[in-house]
Amino acid sequence: MTNDIIRIENLRRDFTVGSEIVHALRGVSFSIRAGEFVTIMGTSGSGKSTLLNILGCLDTPTSGDYFLDGIAVRDMGKNDRATLRNRKIGFVFQSYNLLPKTTALENVELPLLYNPAFSAKERKEKALEAVGLKDRINHRSNQMSGGQQQRVAIARAIVNDPVILLADEATGNLDTRTSFEILTLFQRLHAEGRTIIFVTHNPEIAQFCSRNI
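Asks: Give a detailed account of the overall build of the protein chain, specifying residues and quantitative values.
Replies: Within the protein chain one finds 6 helices and 9 strands. Counting only C-alpha atoms, the protein chain reaches 50 × 40 × 40 Å along its principal axes. Sorting the 213 residues of the protein chain into buried and exposed places 45% on the buried side. Contacts in the protein chain between residues far apart in sequence, at least 24 positions, make up 71% of those at least 6 positions apart. Accessible area for the protein chain stands at about 10,900 Å²; split by element, carbon and sulfur atoms hold 47% of it. Averaging the positions of the 26 positive and the 23 negative side-chain charges in the protein chain gives two centres separated by 3 Å.

Asks: Hey, could you go over the pairing of strand β8 (residues 196-200) for me, with residue numbers and the actual values?
Replies: Of all 5 residues that make up β8, 5 are buried, and the element is covered over most of its length. The alternating pattern of β8 places I196, F198 and T200 on one face and I197 and V199 on the opposite face, and all of these are buried. Note that strand β3 (residues 37-41) and β8 share 5 bridges and pair parallel. Considered in β8, the bridge of I40 is made with V199.

Asks: Explain the environment of R13 residue by residue, including any values.
Replies: Mapping R13 onto the fold places it in strand β1 (residues 4-17). For R13, a relative accessible area of 16% puts it in the buried group. Separated by 11 residues in the primary sequence, R13 and A24 place their C-alpha atoms 5.6 Å from one another. Apart from residues lying up to four places away in sequence, R13 is in contact with V22, H23, A24, L25, T50, I54, D59, T60, P61 and T62.

Asks: I'd like a rundown of the environment of R156, residues and numbers included.
Replies: Along the polypeptide, R156 turns up in helix α5 (residues 146-158). R156 sits 73 residues away from T83 along the chain, and the two C-alpha atoms are 16 Å apart. Every residue in contact with R156, bar those within four places of it in the chain, is listed here: Y96, N97, L98, N107, V108 and P111. At 2.8 Å, the side chain of R156 forms a polar contact with the backbone oxygen of Y96.

Cut-off values and rules
Residues numbered from 1 in each chain as written. Predicted model: local features only at pLDDT ≥ 70, side-chain atom pairs only at ≥ 80, totals over all residues. Heavy atoms only, no water. Helix = DSSP H or I, 4+ residues; strand = E, 2+ residues; numbered from the N terminus. Buried < 20%, exposed > 50% of the residue type's maximum accessible area, 1.4 Å probe, protein only. Contact = heavy atoms within 4.5 Å. Areas by Shrake-Rupley, 256 points an atom, 1.4 Å probe, with all protein chains shown as cover. Lys, Arg positive; Asp, Glu negative; His and termini not counted. Charge placed at Lys NZ, Arg CZ, Asp CG, Glu CD. Pairing = 2+ DSSP bridges. Polar contact = N/O pair within 3.5 Å; in protein donor to acceptor, adjacent residues only side chain to side chain.

So this is what it looks like as C-alpha coordinates:
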(Lines give C-alpha, C1' and ligand atoms only; values in the text may rest on other atoms or scores of the structure.)
Protein backbone atom coordinates (compact mmCIF):
# COMPACT_ATOMS: atom_id res chain seq x y z
CA MET A 1 0.00 0.00 0.00
CA THR A 2 1.34 3.41 -0.93
CA ASN A 3 2.10 5.98 1.76
CA ASP A 4 2.13 8.94 -0.64
CA ILE A 5 0.40 12.11 0.52
CA ILE A 6 1.03 13.74 -2.87
CA ARG A 7 1.49 12.05 -6.22
CA ILE A 8 1.64 13.87 -9.55
CA GLU A 9 2.07 12.11 -12.88
CA ASN A 10 3.14 13.77 -16.14
CA LEU A 11 1.70 17.12 -15.07
CA ARG A 12 1.45 19.81 -17.74
CA ARG A 13 0.10 23.34 -17.51
CA ASP A 14 -0.18 25.55 -20.58
CA PHE A 15 -1.28 29.17 -20.74
CA THR A 16 -2.38 31.10 -23.81
CA VAL A 17 -0.72 34.53 -23.94
CA GLY A 18 -1.90 36.43 -27.00
CA SER A 19 -1.21 34.18 -29.95
CA GLU A 20 1.40 32.09 -28.12
CA ILE A 21 1.15 29.10 -25.78
CA VAL A 22 3.39 29.21 -22.71
CA HIS A 23 4.34 25.77 -21.37
CA ALA A 24 4.70 26.49 -17.64
CA LEU A 25 4.97 22.83 -16.62
CA ARG A 26 6.15 20.11 -19.00
CA GLY A 27 5.46 16.58 -17.84
CA VAL A 28 6.39 16.88 -14.15
CA SER A 29 6.18 13.71 -12.03
CA PHE A 30 7.05 13.10 -8.38
CA SER A 31 5.57 11.84 -5.13
CA ILE A 32 5.86 12.96 -1.51
CA ARG A 33 5.40 10.49 1.29
CA ALA A 34 3.70 11.11 4.60
CA GLY A 35 6.04 12.72 7.11
CA GLU A 36 8.55 14.14 4.61
CA PHE A 37 9.95 17.69 4.73
CA VAL A 38 10.59 18.57 1.08
CA THR A 39 11.80 21.71 -0.67
CA ILE A 40 10.67 22.49 -4.20
CA MET A 41 13.30 24.78 -5.66
CA GLY A 42 13.69 26.72 -8.85
CA THR A 43 14.65 30.08 -10.24
CA SER A 44 12.15 32.78 -11.13
CA GLY A 45 10.09 31.67 -14.12
CA SER A 46 10.78 27.96 -13.63
CA GLY A 47 7.13 27.12 -12.87
CA LYS A 48 7.18 27.06 -9.04
CA SER A 49 4.14 29.30 -8.65
CA THR A 50 2.18 27.34 -11.24
CA LEU A 51 3.02 24.07 -9.50
CA LEU A 52 2.20 25.59 -6.11
CA ASN A 53 -1.24 26.65 -7.31
CA ILE A 54 -1.96 23.13 -8.54
CA LEU A 55 -0.67 21.47 -5.35
CA GLY A 56 -2.79 23.91 -3.34
CA CYS A 57 -5.94 23.05 -5.33
CA LEU A 58 -6.14 26.64 -6.60
CA ASP A 59 -5.65 25.61 -10.24
CA THR A 60 -5.95 22.49 -12.36
CA PRO A 61 -3.42 21.06 -14.83
CA THR A 62 -3.87 21.05 -18.59
CA SER A 63 -3.09 17.33 -18.51
CA GLY A 64 -1.67 14.75 -16.16
CA ASP A 65 -2.90 13.59 -12.76
CA TYR A 66 -2.70 14.90 -9.22
CA PHE A 67 -3.59 12.81 -6.18
CA LEU A 68 -3.79 14.40 -2.72
CA ASP A 69 -4.05 11.91 0.14
CA GLY A 70 -5.37 9.35 -2.33
CA ILE A 71 -7.99 11.70 -3.82
CA ALA A 72 -7.90 12.45 -7.57
CA VAL A 73 -7.95 16.25 -7.80
CA ARG A 74 -7.79 16.98 -11.52
CA ASP A 75 -11.47 16.44 -12.38
CA MET A 76 -12.94 17.92 -9.20
CA GLY A 77 -15.16 20.97 -9.44
CA LYS A 78 -14.24 24.33 -7.94
CA ASN A 79 -16.37 23.92 -4.81
CA ASP A 80 -15.11 20.40 -4.12
CA ARG A 81 -11.51 21.60 -4.51
CA ALA A 82 -12.21 24.42 -2.05
CA THR A 83 -13.54 21.92 0.50
CA LEU A 84 -10.56 19.63 -0.05
CA ARG A 85 -8.18 22.59 0.30
CA ASN A 86 -9.72 23.59 3.63
CA ARG A 87 -9.65 20.06 5.05
CA LYS A 88 -6.32 18.79 3.74
CA ILE A 89 -3.91 21.72 3.22
CA GLY A 90 -2.41 24.36 5.47
CA PHE A 91 -0.93 27.41 3.69
CA VAL A 92 1.90 29.65 4.89
CA PHE A 93 2.69 32.63 2.66
CA GLN A 94 5.62 35.01 2.33
CA SER A 95 3.48 38.03 3.23
CA TYR A 96 1.70 36.36 6.21
CA ASN A 97 -1.77 37.35 4.88
CA LEU A 98 -3.16 38.14 8.32
CA LEU A 99 -6.27 40.23 8.70
CA PRO A 100 -5.30 43.72 9.90
CA LYS A 101 -6.46 44.97 13.31
CA THR A 102 -7.48 41.47 14.41
CA THR A 103 -5.96 39.41 17.20
CA ALA A 104 -3.80 36.34 16.78
CA LEU A 105 -6.68 34.26 18.11
CA GLU A 106 -9.12 35.71 15.56
CA ASN A 107 -6.73 35.09 12.66
CA VAL A 108 -6.17 31.47 13.66
CA GLU A 109 -9.90 30.94 13.99
CA LEU A 110 -10.62 31.70 10.32
CA PRO A 111 -10.17 28.19 8.84
CA LEU A 112 -12.38 26.74 11.57
CA LEU A 113 -15.32 28.84 10.36
CA TYR A 114 -15.40 26.60 7.28
CA ASN A 115 -14.85 23.37 9.19
CA PRO A 116 -17.49 23.06 11.94
CA ALA A 117 -16.34 19.53 12.80
CA PHE A 118 -13.63 20.99 15.02
CA SER A 119 -13.91 22.64 18.43
CA ALA A 120 -12.71 26.17 17.68
CA LYS A 121 -11.62 27.46 21.10
CA GLU A 122 -9.52 24.45 22.08
CA ARG A 123 -7.87 24.08 18.66
CA LYS A 124 -6.89 27.70 18.06
CA GLU A 125 -5.34 28.09 21.52
CA LYS A 126 -3.45 24.82 21.08
CA ALA A 127 -2.18 25.93 17.64
CA LEU A 128 -0.86 29.23 19.01
CA GLU A 129 0.80 27.43 21.90
CA ALA A 130 2.48 25.08 19.40
CA VAL A 131 4.19 28.02 17.67
CA GLY A 132 5.27 29.69 20.92
CA LEU A 133 2.67 32.47 21.07
CA LYS A 134 0.62 31.44 24.08
CA ASP A 135 1.27 34.87 25.65
CA ARG A 136 0.35 36.78 22.47
CA ILE A 137 -3.09 35.40 21.70
CA ASN A 138 -4.85 38.74 22.19
CA HIS A 139 -2.24 40.87 20.42
CA ARG A 140 -3.31 42.42 17.15
CA SER A 141 -1.39 41.93 13.90
CA ASN A 142 0.02 45.47 13.97
CA GLN A 143 1.34 44.90 17.50
CA MET A 144 3.57 41.98 16.46
CA SER A 145 6.92 41.65 14.73
CA GLY A 146 7.29 39.99 11.33
CA GLY A 147 8.45 36.76 12.95
CA GLN A 148 5.50 36.74 15.33
CA GLN A 149 3.09 37.40 12.48
CA GLN A 150 4.53 34.47 10.56
CA ARG A 151 4.10 32.28 13.64
CA VAL A 152 0.44 33.29 13.73
CA ALA A 153 0.20 32.35 10.04
CA ILE A 154 1.73 28.94 10.80
CA ALA A 155 -0.72 28.43 13.68
CA ARG A 156 -3.56 29.27 11.30
CA ALA A 157 -2.16 26.72 8.83
CA ILE A 158 -2.06 23.86 11.34
CA VAL A 159 -5.29 24.55 13.25
CA ASN A 160 -7.35 22.25 10.99
CA ASP A 161 -4.77 19.48 11.38
CA PRO A 162 -4.14 19.27 7.60
CA VAL A 163 -2.35 16.34 5.99
CA ILE A 164 0.22 18.71 4.47
CA LEU A 165 1.69 22.17 5.09
CA LEU A 166 2.45 24.16 1.94
CA ALA A 167 4.88 27.03 2.55
CA ASP A 168 5.45 29.59 -0.22
CA GLU A 169 8.71 31.49 0.35
CA ALA A 170 7.66 31.61 4.00
CA THR A 171 10.89 33.29 5.17
CA GLY A 172 11.20 35.72 2.24
CA ASN A 173 10.18 38.81 4.26
CA LEU A 174 12.24 38.00 7.34
CA ASP A 175 15.77 38.84 8.44
CA THR A 176 18.37 36.07 8.71
CA ARG A 177 17.95 35.40 12.44
CA THR A 178 14.15 35.34 12.30
CA SER A 179 14.25 33.14 9.18
CA PHE A 180 16.36 30.63 11.12
CA GLU A 181 13.84 30.67 13.97
CA ILE A 182 10.92 30.05 11.60
CA LEU A 183 12.76 27.23 9.81
CA THR A 184 13.58 25.68 13.18
CA LEU A 185 9.86 25.83 13.99
CA PHE A 186 9.08 24.04 10.72
CA GLN A 187 11.64 21.39 11.67
CA ARG A 188 9.90 20.88 15.00
CA LEU A 189 6.51 20.56 13.31
CA HIS A 190 8.06 18.02 10.95
CA ALA A 191 9.51 16.09 13.90
CA GLU A 192 5.97 15.87 15.28
CA GLY A 193 4.99 13.98 12.12
CA ARG A 194 3.72 16.72 9.82
CA THR A 195 4.32 16.60 6.07
CA ILE A 196 5.78 19.88 4.78
CA ILE A 197 6.46 21.24 1.29
CA PHE A 198 8.57 24.40 1.27
CA VAL A 199 8.60 26.19 -2.08
CA THR A 200 11.63 28.48 -2.42
CA HIS A 201 14.42 29.81 -4.61
CA ASN A 202 16.87 29.87 -1.68
CA PRO A 203 19.29 26.88 -1.67
CA GLU A 204 20.16 27.46 2.00
CA ILE A 205 16.68 26.34 3.02
CA ALA A 206 17.37 22.88 1.59
CA GLN A 207 19.73 22.29 4.54
CA PHE A 208 16.69 22.17 6.85
CA CYS A 209 14.81 19.61 4.76
CA SER A 210 15.04 15.90 4.10
CA ARG A 211 14.71 16.06 0.31
CA ASN A 212 14.94 18.59 -2.48
CA ILE A 213 12.97 18.60 -5.74
